[in-house]
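Per-entry structural report
Here's the letter readout for the chains.
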Amino acid sequence: MKKFYEQIYDKLNSGQDTVLVILAKCFGTTPRKAGTKMAVFADGTITGTVGGGNTEFVSINIANDMFGTKSSCLEDIDIIESGNGSVKVLFKYIEANDENCKTFMDIVNSLDENDEKWVQIDLDNNIRISTKRFGGGADFDTDRNLYTEPISKSGTVYIFGGGHVAQKLAKLLPSLNFRTVLYEDRQMFADRKFFPDVDEIIFAPYEEITERIDITEKDYTVIVTRGHLYDYECLKISLESEACYVGIMGSKDKLRTAYTKLKEDGFDEREFGRIYSPIGIEIGSETPMEVAVSIAAQLIKIRSDKRG
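Reference entry: report on the structure contained in this document. (Residues numbered from 1 in each chain as written. Predicted model: local features only at pLDDT ≥ 70, side-chain atom pairs only at ≥ 80, totals over all residues. Heavy atoms only, no water.)

**Thoughts on helix α6 (residues 228-240)**
When the terminal C-alpha atoms of α6 are compared, their 18 Å separation across 13 residues agrees well with the 18 Å that a helix rising 1.5 Å per residue should span. Of all the positions in α6, only Asp 231, Tyr 232, Cys 234, Leu 235, Ile 237, Ser 238 and Leu 239 are classed as buried. Considering only its buried residues, α6 is in contact with β10 (156-160), α5 (209-212), β13 (220-223), β14 (245-248), α7 (252-264) and β15 (275-276). (Helix = DSSP H or I, 4+ residues; strand = E, 2+ residues; numbered from the N terminus. Expected span 1.5 Å × (residues − 1). Buried < 20%, exposed > 50% of the residue type's maximum accessible area, 1.4 Å probe, protein only. Contact = heavy atoms within 4.5 Å.)

Structure, rendered in structure tokens:
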């Protein structure tokens, strides 16, 4: 989401008007859900998608026509591919002026903040940011022609360990709007060539985790280190934090050993209920990418449940 809004800001800042296209309401069988969006720019380029097919084809044509009318609108479009679906699409025309540039820069900055904020896209008025909560996710008020969606930080995923699963997971999470940090104590793996898309790489001993990062109730820890000792250190620190998700990859024997040591270190067995292990959603995964997909799916589920 951040890259999407950054691209809009960059185009506006360069003097290009933009049409923001949002699936405001979905009915029947549709390829994407409400809140899916794309932006069409005056130079003919596009970012994002509203699902392809007829919906996207018609939406692009409508958006291009709006560069002449400079007006916003709502349109109902049938999903001809499914035969039983339709979408209500909001087309918001955005002029490349100082006010809109500032608004989108504020949106981009808000995505890195801990405070909960919402973007309001009004069909007839300016786009604005609000601290008032509007439901649990993307929503469209048909009475006011007002679309709202959360833009607050959804928490950071801390990946402990830089092996094959970590590398695959780190490719998935940024595209799913998770801020992602890789923590690794081996310099050869704490490298951008393995993790080009993460927000941050921390190269440090696992014993220094609490000195390097502050794990909050919004954050997720994924423990995929190379050995029992390092796994245990990360697991212990994760349980001492308020992390909303603590996932660890490993065999039953390794986990049994970790639980025994946790008891010896004073942890109550009830706290073990916070641990997701085996990690990830059960999909019969075998390869590192399949395991990464199962973990990403579990993180999406946890985030969705948090938002209500």
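**Things to note about the sheet that holds β15**
Pairing is parallel in the open sheet, where six strands are placed in the order β12-β11-β10-β13-β14-β15. The sheet is open, and its two edges are formed by β12 (200-203) and β15, each paired on a single side. With four bridges joining them, strand β11 (residues 179-184) and β12 adopt parallel strand pairing. Along β12, the bridge assignment pairs Glu 184 with Phe 203. (Pairing = 2+ DSSP bridges.)

**Side note on the packing of aromatic side chains**
What the rule picks out here adds up to 11 aromatic pairs. Consider the rings of Tyr 245 and Tyr 276, whose centres lie 4.7 Å apart with planes at 25°: the pair is stacked. In this pair, Tyr 245 sits in strand β14 while Tyr 276 sits in strand β15, placing the two residues 31 residues apart along the sequence. The exposure class of Tyr 245 is buried, given its relative accessible area of 0%. Judged by its relative accessible area of 28%, Tyr 276 falls in the partly exposed class. By way of ring pairs, the aromatic residues Phe 160, Tyr 183, Tyr 206 and Tyr 230 are connected into one cluster. Lying over the aromatic face of Tyr 230, Arg 226 brings its terminal NZ or CZ to 4.2 Å of the ring centre. Of note, Arg 303 hangs over the ring of Phe 178, and the distance from its end group to the ring centre comes to 3.9 Å. (Phe/Tyr/Trp six-rings, centres within 6.5 Å; stacked < 30°, edge-to-face > 60°. Lys NZ or Arg CZ within 6 Å of the ring centre and 35° of its normal.)

**Examining the pairing of strand β2 (residues 37-41)**
Of all five residues in β2, five are buried, a share of seventy percent or more. Burial along β2 is two-sided: Lys 37, Ala 39 and Phe 41 and Met 38 and Val 40, pointing in opposite directions, are all buried. Here β2 folds back onto strand β3 (residues 46-48), and the loop between the two strands holds four residues, one of which, Gly 44, carries a positive phi near 95°.

**Thoughts on the sheet that holds strand β1 (residues 18-28)**
Read from one edge to the other, the open sheet built from five strands follows the order β3-β2-β1-β5-β4, with strand pairing classed as antiparallel. Of all strands in the sheet, those bounded by a partner on one side alone are β3 and β4 (73-79). Recorded for the sheet is a direction-independent mean angle of 25° between the axes of neighbouring strands. (Axes fitted to C-alpha atoms, helices over the stretch in contact; angles between N-to-C directions.)

**Topic: the pairing of strand β5 (residues 85-94)**
Of all the 10 residues making up β5, nine are buried; the element is thus mostly covered by neighbouring parts of the structure. Bridging between β1 and β5 involves 10 bridges; their strand directions are antiparallel. Along β5, the bridge assignment pairs Leu 23 with Val 89. Pairing of β4 with β5, which is carried by seven bridges, proceeds in the antiparallel orientation. Of the residues in β5, the one forming a bridge with Ile 77 is Val 87.

**Section: the side chain of Glu 149**
Locating Glu 149 in the fold gives a position in strand β9 (residues 146-150). In terms of polar contacts, Glu 149 uses its side chain to reach the side chain of Tyr 147, at 2.6 Å. (Polar contact = N/O pair within 3.5 Å; in protein donor to acceptor, adjacent residues only side chain to side chain.)

**Quick look at the state of the cysteines**
Tallied over the entire structure, the rule returns zero disulfides. Not part of a disulfide, Cys 234 finds its nearest cysteine sulfur in Cys 244, a span of 17 Å. A residue is classified by how much of its surface remains accessible, and Cys 234, at 1% relative accessible area, is buried. (Disulfide = S-S within 2.5 Å.)

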